[in-house]
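Structural description and commentary
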Amino acid sequence: LLFLSCRCPYVAQARAPIGELYKQYGEKVAFVGLNANQNEKPDDIKSDAALSFGLPMLRDEGSKVADLYGAQRTPEAFVVDPSGVIRYHGGVSDLGPALAQVLAGSPVAKPESKTFGCTIKRKP
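A short tour of the structure in this document, coming up. All values derive from a computational prediction rather than experimental measurement.

About the criteria used
- Residues numbered from 1 in each chain as written.
- Predicted model: local features only at pLDDT ≥ 70, side-chain atom pairs only at ≥ 80, totals over all residues.
- Heavy atoms only, no water.
- 1 Å grid on protein atoms, 1.4 Å probe; cavity = no way out; pocket = protein on both sides within 12 Å on 5 of 7 lines; lining within 4 Å.
- Points joined across faces, edges and corners; volume = space filled by probe spheres on them.
- Helix = DSSP H or I, 4+ residues; strand = E, 2+ residues; numbered from the N terminus.
- Nonpolar A, V, L, I, M, F, W, Y, C, P; charged D, E, K, R; others polar.
- Phe/Tyr/Trp six-rings, centres within 6.5 Å; stacked < 30°, edge-to-face > 60°.
- Buried < 20%, exposed > 50% of the residue type's maximum accessible area, 1.4 Å probe, protein only.
- Lys NZ or Arg CZ within 6 Å of the ring centre and 35° of its normal.
- Core = buried A, V, L, I, M, F, W, Y, C linked by side-chain atoms within 4.5 Å.
- Contact = heavy atoms within 4.5 Å.
- Pairing = 2+ DSSP bridges.
- Axes fitted to C-alpha atoms, helices over the stretch in contact; angles between N-to-C directions.
- Salt bridge = Lys/Arg side-chain N within 4 Å of Asp/Glu carboxyl O.

1. Topic: the layout of surface pockets
Estimates place the volume of the largest pocket at around 370 Å³. Residue lining of the largest pocket: 17 residues in total, with Val 29, Ala 30, Val 79, Val 80 and Leu 99 positioned closest to the centre. Looking at the lining of the largest pocket, the elements with two or more residues in it are strand E5 (76–80) and helix H4 (95–103). Considered class by class, the residues forming the lining of the largest pocket number 15 nonpolar, no polar and two charged. Of the voids in this model, the second largest pocket is the one considered here, and its volume is about 220 Å³.

2. Observations regarding the packing of aromatic side chains
This structure, assessed with the given rule, holds four aromatic pairs. Between Tyr 22 and Phe 31, the ring centres sit 5.3 Å apart and the planes meet at 80°, which makes this aromatic pair edge-to-face. Residue classification places Tyr 22 among the partly exposed positions, given a relative accessible area of 25%. Three or more aromatic residues link up through ring pairs in this structure, and these residues are Phe 3, Tyr 69 and Phe 78. A cation over an aromatic ring shows up here: Lys 114 above the ring of Phe 116, its NZ or CZ 5.7 Å from the ring centre.

3. Description of the nonpolar core
Counting residues in hydrophobic clusters, the biggest one holds 20 residues, and the most contacted among them are Leu 2, Ile 18, Phe 31, Val 79, Tyr 88, Leu 95 and Leu 99. Within the residue set of this core, elements represented by two or more residues are helix H1 (9–25), E5 and H4. A total of five residues in this core trace back to one element, the largest contributor, which is H1. Among all residues touching Leu 2, those that are not within four sequence positions of it are Ile 18, Phe 31, Val 32, Gly 33, Leu 34, Leu 55, Glu 76, Ala 77 and Leu 95. Ala 36, Ala 66, Ala 71 and Phe 78 belong to the second largest nonpolar core, which has seven residues in total.

4. Quick word on the environment of Val 32
Mapped onto the elements, Val 32 comes out in the loop between H1 and strand E2 (33–35). Relative accessible area serves as the criterion here: at 26%, Val 32 is assigned to the partly exposed category. The spacing of Val 32 and Glu 112 is 80 residues in sequence and 19 Å in space, taken between C-alpha atoms. The residues touching Val 32, leaving out its near neighbours within four places in the chain, are Leu 1, Leu 2, Leu 55, Pro 56 and Leu 58.

5. Focus on the sheet that holds strand E3 (residues 57–59)
Picture the strands of a sheet paired through backbone hydrogen bonds; they go either parallel or antiparallel. Read from one edge to the other, the open sheet built from five strands follows the order E3-E2-E1-E5-E6, with strand pairing classed as mixed. At either end of the open sheet lies a strand with only one pairing partner, and these are E3 and strand E6 (86–90). Sheet contacts for H4: strand E1 (2–3), E5 and E6; angle to E5, the most-contacted strand, approximately 5°.

6. Some remarks on the pattern of salt bridges
Per the counting criterion, the structure on display carries five salt bridges. Arg 15 is paired through a salt bridge with Asp 48; the nearest N and O atoms lie 3.2 Å apart. Residue Arg 15 is located in helix H1, and its partner Asp 48 is located in helix H2 (residues 42–52); the two are separated by 33 residues in the primary sequence. Comparing Arg 15 with Asp 48, the two get one shared label, buried. With its nearest N and O atoms 2.7 Å apart, the salt bridge here joins Arg 122 to Asp 67. Of this pair, Arg 122 sits in the segment after strand E7 (118–119) while Asp 67 sits in helix H3 (residues 64–69), and the two are 55 residues apart along the sequence.

Here's what the structure looks like:
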């Protein structure tokens, strides 16, 4: 689960790494992008996702899912196992090793990492 934005420069920098991870793991792991920014229009989100990621992109209206996960930034990643346990939470730079370890049935060596990026724009 990736919280993304079509306006954040940190997400723009993460496009290539996210795309590579999606190519590498997309057949083994369900990737879902969520845009929880209430200041971004659905048409912009759809256009941006089609051009840059190739993974399913959903609108988190009212930032409800972001609130449930405690997501604060974009890009911010959560790896959730089939039983609903969050195995990794953090930035894109540590997402690849986390995915590999989860798929290998191993504990994630670094289950939490700092996220750098733009804050999710919630409605006041």
